[in-house]
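Residues per chain, in single letters:
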Amino acid sequence: MMSNSIRLTQAAVNKIKPPKTGRLEVRDLVVPGMRLRVSDTGLKSYSVITRYRGDQIRVPCGRHGAVTLAEARDKARTALEDVEAGVDPREKRRKAKEAPSDAVEDVVADYIKRYVRVHTRPRSATETERALNKRIVPAWRGRSIRDISRRDIIDLLEDIAADNLAATANRTKAVISGLFNWCLDRGILDTSPAVRLKAPAPIVERERVLSDDEIKTLWPTFEELGEPFGVVFKILLLTGQRRGEAATMKWEHVNLDEALWTIPPENTKANRTHEVPLSPFAVAILRGLKRNGDFVFTTRGDRPIIGFAHAKEVCDEKSGVSGWRLHDLRRTCGTGLARLGIADATISLVLNHAEGGVTRIYRRYSYLDEKRHALDAWARHVETLVALQPDNVVEMATA
């Protein structure tokens, strides 16, 4: 190995040509023990040679191009100071490499891997991961998670809300709170900058409920849409369940002989098994479906249906009923049950609303009979509304 000594400069390092064979080592006259090693492949790297507990050691200080000469000298000086303090710089470097990164993008990746994909339902996990990678990581990439302040979060959320994305801003706020809560639990942070953070945009609760006349107008359009969208719209109205729960319904979840739809925990928002009694009207509709694979509502057989938005637009155009969303079918069912005199507690069970406190832990009775009575009564009302004989239509009194 050839070697010489010079006062290294950035320009000098750039001009040094690689040897034809072997390696060339240049000693720096500024920092004692610092070397520039140049291989015959053209690779240039910095290191410092010193003694630790009587043994000569070499401590890497970075590759030329990845670090500047000034940065390499700082690393060399730090290594020399560590030795003087009785610290092995090689062990210190090894521990630094093993320590988890606190960069936002690395913390987020770890959060997704360890928590989001493990402890949340697939659909929620996908939405959370999308928000993290689309909104949060690009805004704070390269920064330490410890440096993210409350002001940073507020600015990000206000920017999102300013783009007329109020709902997205509110969802992003929830995702950020979840991330920082996880950081607290893992000991990455001692405090969360997102604690008691208010929603960036006002939450406007929808009150849209389809009237009896609108149900009568929409039903023929559902018939015209046919399978699968027209049928799933009917089931959403008759059962009051969520769109995602109906979309992921499989034939193995449905027992038509017992008139029961059992939604597995992974498909429910509450993350618990939910039994939905099927009215004779709903059973008749499902029996009329052609089976095409595992999923009840599908166009390909091997996956749930997608494209609800387009089907909804077609429905609006054909029926002339607008200003409603698919979730309003669920609200219409719940409101209709109340108008029929069904108790609030039973309606909540039908809709599988989340329960709190000890009630959720100790109540194991399924209330299947009560739910069946409620949904049968609602289905009879809907069936009366959409019957072909107008003389049989009976309007319910508005509560």
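Residues numbered from 1 in each chain as written. Predicted model: local features only at pLDDT ≥ 70, side-chain atom pairs only at ≥ 80, totals over all residues. Heavy atoms only, no water.

Novice: I'd like a description of the pairing of strand S3 (residues 34-39), backed by residues and values.
Specialist: For S3, the tally of buried residues reaches six of six residues, placing the bulk of the element in the interior. What you see with S3 is no split at all: Met34, Leu36 and Val38 on one side and Arg35, Arg37 and Ser39 on the other are buried throughout. Pairing analysis gives five bridges linking strand S2 (residues 23-28) to S3, with the strands arranged antiparallel. Note on S3: the bridge partner recorded for Leu24 is Val38. Between S2 and S3, which pair antiparallel in sequence order, lie five residues; one of them, Gly33, sits at a positive phi of approximately 85°. Pairing between S3 and strand S4 (residues 44-52): five bridges, direction antiparallel. From the neighbouring strand, Arg37 faces S4, where its bridge partner is Ser45. The loop that links S3 with its antiparallel partner S4 comprises four residues; one of these, Gly42, has a positive phi angle of about 100°. (Buried < 20%, exposed > 50% of the residue type's maximum accessible area, 1.4 Å probe, protein only. Helix = DSSP H or I, 4+ residues; strand = E, 2+ residues; numbered from the N terminus. Pairing = 2+ DSSP bridges.)

Novice: Could you give an account of the environment of Ser319, with specific residues and numbers?
Specialist: On the secondary structure map, Ser319 appears in helix H12 (residues 308-319). Through-space distance from the C-alpha of Ser319 to that of Leu218 is 5.9 Å; in sequence the pair is 101 residues apart. Excluding its chain neighbours within four sequence positions, the residues that come into contact with Ser319 are Thr217, Leu218 and Thr221. At a separation of 2.8 Å, a polar atom in the side chain of Ser319 contacts the main-chain carbonyl oxygen of Cys315. From its side chain, Ser319 meets the backbone nitrogen of Val321 in a polar contact 3.1 Å long. (Contact = heavy atoms within 4.5 Å. Polar contact = N/O pair within 3.5 Å; in protein donor to acceptor, adjacent residues only side chain to side chain.)

Novice: Any details on the environment of Val175? Residues and values, ideally.
Specialist: Note on placement: Val175 falls in helix H7 (residues 166-186). Residues in contact with Val175, not counting those within four places in the same chain, are Thr128, Ala131, Leu132 and Ile136.

Novice: Explain the pattern of salt bridges residue by residue, including any values.
Specialist: Under the defined criterion, the tally for this structure stands at 24 salt bridges. Between Glu158 and Arg151 there is a salt bridge whose closest N-O contact spans 3.8 Å. Judged by relative accessible area, Arg151 falls into the partly exposed class, the value being 46%. Residues joined by salt bridges that share partners form a network here, namely Glu25, Arg35, Arg37 and Arg58. (Salt bridge = Lys/Arg side-chain N within 4 Å of Asp/Glu carboxyl O.)

Novice: For the packing of helix H9 (residues 229-239) against helix H13 (residues 327-339), give the residues involved together with the corresponding values.
Specialist: Where H9 meets H13, the axes come as close as 7 Å, and the angle between the chain directions of the two elements is 35°. Facing H9, whose interface residues are Phe233, Leu236, Leu237, Leu238 and Thr239, H13 presents Leu329, Thr332 and Cys333. Residues belonging to the contact of H9 with H13 are distributed by class as follows: six nonpolar, two polar and no charged. (Axes fitted to C-alpha atoms, helices over the stretch in contact; angles between N-to-C directions. Nonpolar A, V, L, I, M, F, W, Y, C, P; charged D, E, K, R; others polar.)

Novice: Mind laying out the side chain of Glu25, listing which residues take part and the relevant values?
Specialist: By the element assignment, Glu25 lies in strand S2. In this structure the side chain of Glu25 is engaged in a polar contact, spanning 3.4 Å, whose partner is the side chain of Arg35. A polar atom in the side chain of Glu25 sits 3.2 Å from the side chain of Arg37.

Novice: How would you sum up the environment of Arg272? Please name residues and give values.
Specialist: By secondary structure assignment, the location of Arg272 is in the loop between strand S7 (260-263) and strand S8 (274-277). By relative accessible area, which is 23% here, Arg272 ends up partly exposed. Residues Arg272 and Asn352, 80 residues apart in the sequence, show an inter-C-alpha distance of 9.1 Å. From its side chain, Arg272 meets the backbone oxygen of His353 in a polar contact 2.7 Å long.

Novice: If you had to explain the packing of aromatic side chains to someone new, which residues and values would you point to?
Specialist: Taken as a whole and judged by the stated rule, the model has seven aromatic pairs. Between Trp219 and Phe281 the ring centres are 5.5 Å apart and the planes differ by 25°, which places this aromatic pair in the stacked class. One end of the pair, Trp219, is in helix H8 (residues 212-225); the other, Phe281, is in helix H11 (residues 280-287), with 62 residues separating them in the sequence. As far as burial versus exposure is concerned, Trp219 and Phe281 are alike and both buried. One aromatic cluster is present, formed by Trp219, Phe222, Phe229, Phe233, Phe281 and Phe308 through successive ring pairs. Across the ring face of Phe308, the terminal group of Arg243 is positioned such that the distance to the ring centre comes to 5.1 Å. The ring of Trp324 is capped by Lys312, whose NZ or CZ atom sits 4.4 Å from the centre of that ring. (Phe/Tyr/Trp six-rings, centres within 6.5 Å; stacked < 30°, edge-to-face > 60°. Lys NZ or Arg CZ within 6 Å of the ring centre and 35° of its normal.)

Worth remembering: the numbers are spatial, not functional.
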